[in-house]
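# A structural walkthrough
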Amino acid sequence: MKSLRLLDIRKTFGEIDVLKGVDLDVEEGEFVVFVGPSGCGKSTLMRIIAGLETQTSGSVEIAGRNVDAAVPAKRGIAMVFQSYALYPHLTVAGNMTLALKEDGVGKDERERRVEKAAALLQLSALLKRRPAELSGGQRQRVAIGRAIVREPRLFLFDEPLSNLDAALRVNTRLEIAKLHRTLKATMIYVTHDQIEAMTLADKIVVLNAGVVQQVGRPIDLYNRPDNLFVAGFIGSPKMNFLTGEFARAENATTIGIRPEHIRVSTEGGLWQGTVRHAEHLGSDTYLYVALPGGSEVTVRIPEESPIAVDSTVHLTPLPGRIHRFDEAGHAIRA
Ligand SMILES: Nc1ncnc2c1ncn2[C@@H]1O[C@H](COP(=O)(O)OP(=O)(O)OP(=O)(O)O)[C@@H](O)[C@H]1O
């Protein structure tokens, strides 16, 4: 049985088609991440799954049951948002149990669930505190705890880490990964963050302008993007794209090569160019290299390579690492 099925979901706001027919199957226990540019419809899709928004057409099935007519509380889901809106007058435990009380769960069972979730999230010592007495990261963990105690079939996370600072994001990201391993629950997660998507997802769904561009394991999207959009969206720094002579030599309209898949040498390379700028990041350096005909490529090299700005370099794509695309932007498979 699928944990979640989306069948031809369409959503129109006034004149605007925000979702243009989204189909998706999510297996039991899978961690699925939605990525895509701002405004592509990620949050709208999450809200439709949750029942907070009604689709214009299409249907949503959760655990094999059509939930189109079900209110959010009856869908077996729990959501964690970017803004976690805890009740300031309630303790951590109070915040975590409120929805359970409303659901009619008995006191002993409520306490059992809160204790279990608090232990998982390292909140046991904080249960009597109020939100004002917690750090941002702790508050976000309470918001996650509030979702866990409901023991949902499906967790929905909408950019849950985006209000946290960089170090906390990393910690909380690891905690969410651990939580997924422990609970073995199905999780759907929206993010703008490439690292979150690549590290958390069993499966990434790339959306653009309300259309699913590709669904696959992170490593497959990275290695075998179906089209120019996915190729350019997954990976940081972005894949380089070259047209004209460079692409014709490979029987393609456009070729793509990732910055980390280009070898730099002083002679004998496939392409020759001039270093325009270098960015030193500590662990590695990004070289911005101008090629003949006005193209520019980014090359990622280990920090110790001392290549000066304005010097001439030879570049060679690593074997098998050139991505070829046709006129319509679709990948040409060998
Ligand atoms: N209630 C609404 N009424 C009208 N238009 C809306 C409404 N909600 C969302 N939209 C529009 O739908 C489109 C998709 O919005 P949505 O919030 O789903 O995008 P998103 O991919 O989550 O974006 P972001 O990454 O910026 O959060 C946007 O163009 C947005 O302006």
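Counting restarts for each chain: residues are numbered from 1 in the order of the written sequence. With pLDDT at 70 or above as the cut-off, local features in this predicted model cover only qualifying residues; side-chain atom pairs require 80 or more to be listed or tallied, and sums for whole chains, interfaces and linings still use all residues.

### Observations concerning the overall build of the chain
How we decide: Under the scheme used here, helices are H or I runs from DSSP no shorter than 4 residues and strands are E runs no shorter than 2 residues, and both carry numbers assigned from the N terminus. The exposure label follows from counting other C-beta atoms within 10 Å of a residue's C-beta, where the C-beta atoms are placed from the backbone and the thresholds are 20 or more for buried and 12 or fewer for exposed, leaving partly exposed in between. We call two residues in contact if the C-beta atoms placed from their backbones are at most 7 Å apart.
For the chain, the count of helices and strands is 9 helices and 18 strands. Evaluated residue by residue, the chain yields a buried proportion of 34% over its 334 residues. A sequence separation of at least 24 residues applies to 62% of the contacts in the chain between residues at least 6 apart.

### Digging into the domain arrangement of the chain
This is how it is decided: Where each domain begins and ends follows an automated or database-derived domain assignment.
Assigned domains within the chain: domain 1 (2–230) and domain 2 (238–325). Spacing between the C-alpha centres of domain 1 and domain 2 amounts to 39 Å.

### Considerations on the site of the ligand
Our working rule: We count a residue as near a molecule or strand when its backbone-placed C-beta atom lies within 6 Å of that partner. Residue polarity is assigned by list, with Asp, Glu, Lys and Arg as charged and Ala, Val, Leu, Ile, Met, Phe, Trp, Tyr, Cys and Pro as nonpolar; anything else, Gly included, falls into the polar class.
In the vicinity of the ligand, the contacting residues are F13, V18, G36, S38, G39, C40, G41, K42, S43 and T44. By residue number, the principal contributor to the shell around the ligand is helix α1 (residues 42–50), which donates 3 residues. Along the lines of polarity and charge, the residues of the shell around the ligand split into 3 nonpolar, 6 polar and 1 charged.

### Re the nonpolar core
Soluble globular proteins tend to bury their nonpolar side chains together. Which entries qualify depends on this criterion: What makes a nonpolar core is a set of buried Ala, Val, Leu, Ile, Met, Phe, Trp, Tyr and Cys residues, with links drawn between C-beta atoms within 7 Å.
Core analysis: the biggest nonpolar cluster contains 80 residues, and V33, L156, I188 and V206 have the highest contact counts within it. Counting only domains with at least three residues in this core, you end up with domain 1 (2–230) and domain 2 (238–325).

### Description of the pairing of strand β14 (residues 271–280)
Selection criterion: At least two bridges found by DSSP between two strands are what make those strands a pair.
With 4 bridges connecting them, β14 and strand β17 (residues 312–317) associate as antiparallel partners. The residue bridging Q272 from the neighbouring strand is H314, located in β17. Here 6 bridges tie β14 to strand β15 (residues 284–290), and the two strands are oriented antiparallel to one another. Bridging from a neighbouring strand, V275 pairs with V289 of β15. Where β14 folds back on β15, the antiparallel hairpin that results is connected by 3 residues, among which G282 adopts a positive phi of roughly 95 degrees.

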